[in-house]
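# Fold and geometry: a report
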Amino acid sequence: MADEKMDIAIIGGGVSGVYSAWRLKQANPGKKIVVFEAGDHIGGRLLSVVPPGIPDMVAELGGMRILPKVQPLITNLLEALNKLLPASEQITTYPFPVDEPQNIAYLRGVYLRLSDFTAKPDEVPYRLGFPNHGQSAGSVVINAIEQIVPGITNPALSEDQRREMAQQASFSGKPLYQQGFWNVLMRVFNGESYQYALDAGGYDSTMSNWNAADAIPWYLSDFGVAPVYKGFTKGFQEVPLLLARLFAEAGGEVRLNSSASALRSLDGGVEFQVDGKSVLAGAVILAMPRRALDLLADSSPLLQEISGLIASVTPRPLFKLFTTYTNPWWRAAGFTKPDGSVVAVEAGRSVTDIPVRQTYYWPKSDGTAAKTGPAMLLASYDDGDNTGFWDGLRPQRHQYKAKGQFVAKVSEPFVAEHRKPNLELTWDRYQAPYRMVTEVARQLSTMHGLNYTPKVQDACFRDWGDDPFGGGWNSWNIGVKGVASGNGK
């Protein structure tokens, strides 16, 4: 006999888990609904922390921005939540800049400005040839995509129309979803153009060999013509924290440090174990990433029956390292225009082919650039195989535990006070090792062409390849006919 019974159990306290809980509780106020989260915080891969000594900034160790025009679900959710909140508690966003023309591109040992890709194409150290000479990295890929799926780059198309078009498209006589993105790109441009798009684009996994019908509409959304991003004033993690709070206030329950295992069918429901006790639920929702499902399947015959479905996506590694300083030293890396005015590097990102790959000049909570006083960088934003560089500068993977990251598995109820991103998840819990900090400082100095190394005050990092996440996002495998979706990077 089960130690506890409930109507619905949701395993996983990330944004999908608490959103499901909130909506189900709204529709079924009389049912007992419980969220079980193996970790000690709500949010999953949304993780927002405030750096020491800089209270007007929020470091996004996980997802950090949205595209309102192409992500209607999250846009509509924010509008719905804000209608329930007083003005002082509403979720607010700010314009999140990315590719500012004055920012740096340090590629193949050559220093460029992002504007130089089009303004000074002869200085770009890649043998691109016609028609890619003089094009930005994004434009090179977008032009290739138009050759693969003619008409899909039409700005009049909606996000859903592009997704459907890609799912139904064929290339060289074969359905697009049965081909890899890298494979089809190499049919329409040369290896030098591919390397340019990879290096200057800043991401490794986006150019890798994932399902082409998934990759193409996603790429157009994230790197299409003038995408407009939004960041979160109080941190992206505020969204799942608020959802969990509303769920709890409606009578639901969130249990932290509660790891589920051994799922099996029983009496028309699902039985599973939590901290040595058996739970029987009428229905179970697994709001978990691929790697977490794999780990759960080891003890759960019920999941082993759908192992093929679980394996239909691939986790993609993602790594973030933040550093803080007494002042925004990078502003001096700007350049002087012919009229004598100085254009400072102060917002958006710079890119490089050395391991740091992308560096973001982090904004204040209101979206404005830090011009004086304490400041922060997203010093390295890495993905794909490139994240492996940092493995040699930290304890071995699966053995490292950030200070306080894991606590004793004692079930505790969720309370309404869990509403500030930094209430429990302090910066120090994700402290970066000394060797990692020393190396990122050295690379930042090289990337910015400095003859000195700016002193780092504090640093924290998160490697989403660690268990139980396995990656920062998941992509459909080649041959899987699904629906492309945004990954929230």
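What counts, and where the lines are drawn
- Residues numbered from 1 in each chain as written.
- Predicted model: local features only at pLDDT ≥ 70, side-chain atom pairs only at ≥ 80, totals over all residues.
- Heavy atoms only, no water.
- Pairing = 2+ DSSP bridges.
- Helix = DSSP H or I, 4+ residues; strand = E, 2+ residues; numbered from the N terminus.
- Axes fitted to C-alpha atoms, helices over the stretch in contact; angles between N-to-C directions.
- Contact = heavy atoms within 4.5 Å.
- Phe/Tyr/Trp six-rings, centres within 6.5 Å; stacked < 30°, edge-to-face > 60°.
- Buried < 20%, exposed > 50% of the residue type's maximum accessible area, 1.4 Å probe, protein only.
- pLDDT = per-residue confidence, 0-100.
- Left-handed = near helix turned anticlockwise from the far one by under 90°.
- Nonpolar A, V, L, I, M, F, W, Y, C, P; charged D, E, K, R; others polar.
- Salt bridge = Lys/Arg side-chain N within 4 Å of Asp/Glu carboxyl O.
- Arc of directions from axis to C-beta.
- Core = buried A, V, L, I, M, F, W, Y, C linked by side-chain atoms within 4.5 Å.
- Expected span 1.5 Å × (residues − 1).

### Things to note about the sheet that holds strand β6 (residues 104–107)
Spatial ordering of the open sheet is given by β7-β6-β19-β20-β21-β16-β23, a layout of 7 strands whose pairing is mixed. The strands lining the two open edges of the sheet, one partner per strand, are β7 (110–113) and β23 (458–463). Sheet twist, expressed as the average angle between the axes of neighbouring strands with direction ignored, equals 15°. For β6 and β7, the ladder comprises 4 bridges, and the chain directions are antiparallel. Within the sheet, the bridge partner assigned to Y106 lies in β7 and is Y111. Of the strands in this sheet, β6 and β19 (349–352) touch helix α7 (residues 191–201), which is tilted by about 135° from β19.

### So, the packing of aromatic side chains
Any aromatic ring pair is given by two values, namely how distant the centres are and how the planes are angled relative to each other. Scanning all chains against the criterion turns up 29 aromatic pairs. With a centroid separation of 5.2 Å and an interplanar angle of 50°, the aromatic rings of Y126 and Y196 are classed as tilted. In this pair, Y126 sits in the loop between α3 (116–119) and α4 (137–148) while Y196 sits in helix α7, placing the two residues 70 residues apart along the sequence. Accessibility expressed as a relative area gives 0% for Y196, which makes it buried. Measuring from ring centre to ring centre gives 5.4 Å for F319 and W390, while their planes differ by 5°; the resulting arrangement is stacked. A residue pair is termed long-range when its members are at least 10 positions apart, and F319 in strand β16 (residues 318–325) and W390 in the loop between β21 (375–383) and β22 (412–413) qualify at 71 residues. Overall, F319 belongs to the buried group, its relative accessible area being 0%.

### A few points about unusual backbone geometry
Backbone torsion omega between F130 and P131 reads 5°, so that peptide bond is classified as cis. Within the secondary structure layout, P131 lies in the loop between α3 and α4. A cis amide bond links D467 with the next residue in sequence, P468, at an omega value of 5°. Inspection of the secondary structure puts P468 in the loop between β23 and β24 (473–476). The backbone of N257 shows a phi angle near 55°, a positive value even though the residue is not glycine. Of note, N257 is situated in the loop between β11 (253–256) and β12 (260–266). Given the relative accessible area of 4%, N257 is considered buried. Positive phi outside glycine occurs at A262, with the angle close to 55°. Following the sequence through the fold, A262 ends up in strand β12.

### Examining the confidence of the model for the chain
The share of residues in the chain with pLDDT of 70 or more is 91%, and the mean pLDDT across the chain is 89. Throughout residues 484–488 the model reports pLDDT below 50, and contacts reaching past four residues in sequence, or to other chains, amount to 17 contacts.

### Examining the packing of α4 against helix α8 (residues 212–223)
Interaxial distance between α4 and α8 falls to 11 Å at its minimum, and their mutual angle equals 145°. Viewed along their axes, α4 and α8 form a crossing whose handedness is left-handed. On α8, the residues that touch A137, G138, V141, I142, I145 and I148 of α4 are I216, Y219, L220 and F223. Partitioned by chemical class, the residues of the contact of α4 with α8 number 9 nonpolar, 1 polar and no charged.

### As for the pattern of salt bridges
Close approach of charged atoms allows side chains of opposite charge to pair. For the structure shown, the criterion picks out 19 salt bridges. Of the charged contacts, one joins K32 and E4 as a salt bridge, the two residues approaching to 2.8 Å between their closest N and O atoms. Of this pair, K32 sits in the loop between α1 (15–27) and β2 (33–36) while E4 sits in strand β1 (residues 4–11), and the two are 28 residues apart along the sequence. Using a relative accessible area of 19% as the deciding quantity, one classes E4 as buried. Between R394 and D466 there is a salt bridge, with the nearest N and O atoms lying 3.0 Å from each other. Pair noted here: R394 is in the loop between β21 and β22 and D466 is in the loop between β23 and β24, with a separation of 72 residues, a long-range link. Through salt bridges with shared partners, one network takes in E4, K32, E253 and R255.

### Quick word on helix α10 (residues 290–297)
Listed as buried for α10 are R290, A292, L293, L296 and A297. Along α10, the residues classed as buried sweep out an arc of 160° about the axis, all on the same side. On the buried face of α10, the contacting elements are β12, β14 (277–286), α11 (301–304), α12 (307–310), β15 (313–316) and β24.

### As for the nonpolar core
Membership of the largest hydrophobic core comes to 98 residues, with the highest contact counts inside it found for L176 and F181. Looking at this core, the element that brings in the most residues is α8, giving 8 residues. Sequence-distant contacts of L176, defined by excluding residues within four places in its chain, comprise I148, V149, A166, A169, S170, F171, V184, N211, A212, A213 and I216. Ranked by size, the runner-up nonpolar core spans 28 residues in total, among them L46, L85, L242 and F247.

### Here's the deal with the pairing of β19
Where burial is concerned, the two faces of β19 agree: the one with R349 and V351 and the one with S350 and T352 are both buried. Two strands pair when backbone bridges link them, and β6 and β19 are joined in this way by 2 bridges, in the parallel orientation. Across the sheet, residue A105 finds its bridge partner in β19, namely V351. Of the pairings in the sheet, the one linking β19 to strand β20 (residues 358–361) comprises 3 bridges and is antiparallel in character. Bridged to S350 within β20 is T359. The turn joining β19 and β20, which pair antiparallel and follow one another in sequence, is formed by 5 residues; a positive phi near 65° is taken by R357.

### What to know about α4
The end-to-end C-alpha distance of α4 is 17 Å, a good match for the 16 Å that 12 residues give at a rise of 1.5 Å each. Considering only its buried residues, α4 is in contact with β8 (170–171), α6 (181–188), α7 and α8.

### A word on the side chain of T387
If you trace the backbone, T387 turns up in the loop between β21 and β22. With residues up to four places along the chain from it excluded, the contact list for T387 reads P317, L318, F319 and D382.

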